[in-house]
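# What the coordinates show
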Amino acid sequence: IMDRLDDLFDKQVKLQNIYYENVKIGEKRPELVAETVAYIIGEIGEILEEYQEWKTWRKNKPKYDEKNLINEVVDLWHFILNLTIFLILLHFSVV
């Protein structure tokens, strides 16, 4: 599992080096942290909107699109990896 996580973080750091071209290792960027947390909240909302099984009061729950749900979870992981990079890896110069 650690190899897979390392691979995920390596790929995400490479992607962020393209998207956020001015981010440097060890640099603190609170605006990126705040922006990423907002994206995470948005993705959680999209997951809850797609998958409404959690609405226990609702008798007729709409069917969800499994592909859309998976895509939303992947998007959430993308932003969780970013937050990890921005909060932990950049601040501790581990990347």
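The coordinates are above.
All of the points below concern the structure found in this document. Residues take numbers from 1 onward in each chain, read along the sequence in its written order. The predicted origin of the model limits local features to residues at a pLDDT of at least 70 and limits the giving and counting of side-chain atom pairs to 80 or more, whereas totals for whole chains, interfaces and linings rest on all residues. Values reported for side chains reflect all heavy atoms of the structure, with hydrogen atoms and water molecules removed beforehand.

### A closer look at helix 1 (residues 2–19)
Which entries qualify depends on this criterion: Under the scheme used here, helices are H or I runs from DSSP no shorter than 4 residues and strands are E runs no shorter than 2 residues, and both carry numbers assigned from the N terminus. Here the expected span of a helix is defined as 1.5 Å times the quantity of residues minus one. Per-residue accessibility, obtained with a 1.4 Å probe over protein chains only, is compared with the maximum for each type, and a residue is labelled buried under 20%, exposed over 50%, and partly exposed between these values. By arc we mean the arc of the directions from the helix axis to the C-beta atoms, nothing more.
Spanning 18 residues, helix 1 covers 25 Å between terminal C-alpha atoms, matching the ideal 26 Å at 1.5 Å per step. When helix 1 is considered as a whole, its buried residues turn out to be Q12, V13 and Q16. Looking straight down helix 1, one finds its buried side chains confined to an arc of 105°; they lie on one side. For helix 1, the exposed residues lying more than 90 degrees away from the buried face are D3, R4, K11, K14 and I18.

### Some details on the nonpolar core
In plain terms, the rule: By convention a nonpolar core is built from buried Ala, Val, Leu, Ile, Met, Phe, Trp, Tyr and Cys residues, the set being connected through side-chain atoms within 4.5 Å. It only takes one pair of heavy atoms within 4.5 Å for two residues to be counted as in contact.
Of all hydrophobic cores here, the largest spans 12 residues; its members are V13, Y20, L32, V33, I40, I47, L69, L76, F79, L83, I85 and F86. Contributions of two or more residues to this core are made by helix 2 (30–50) and helix 3 (66–92). Residue contributions to this core peak at 6 residues, all from helix 3. Aside from chain neighbours lying at most four places away, what touches I40 is L76, F79, I80 and L83.

Everything listed here is a matter of geometry and, on its own, says nothing about what the molecule does.
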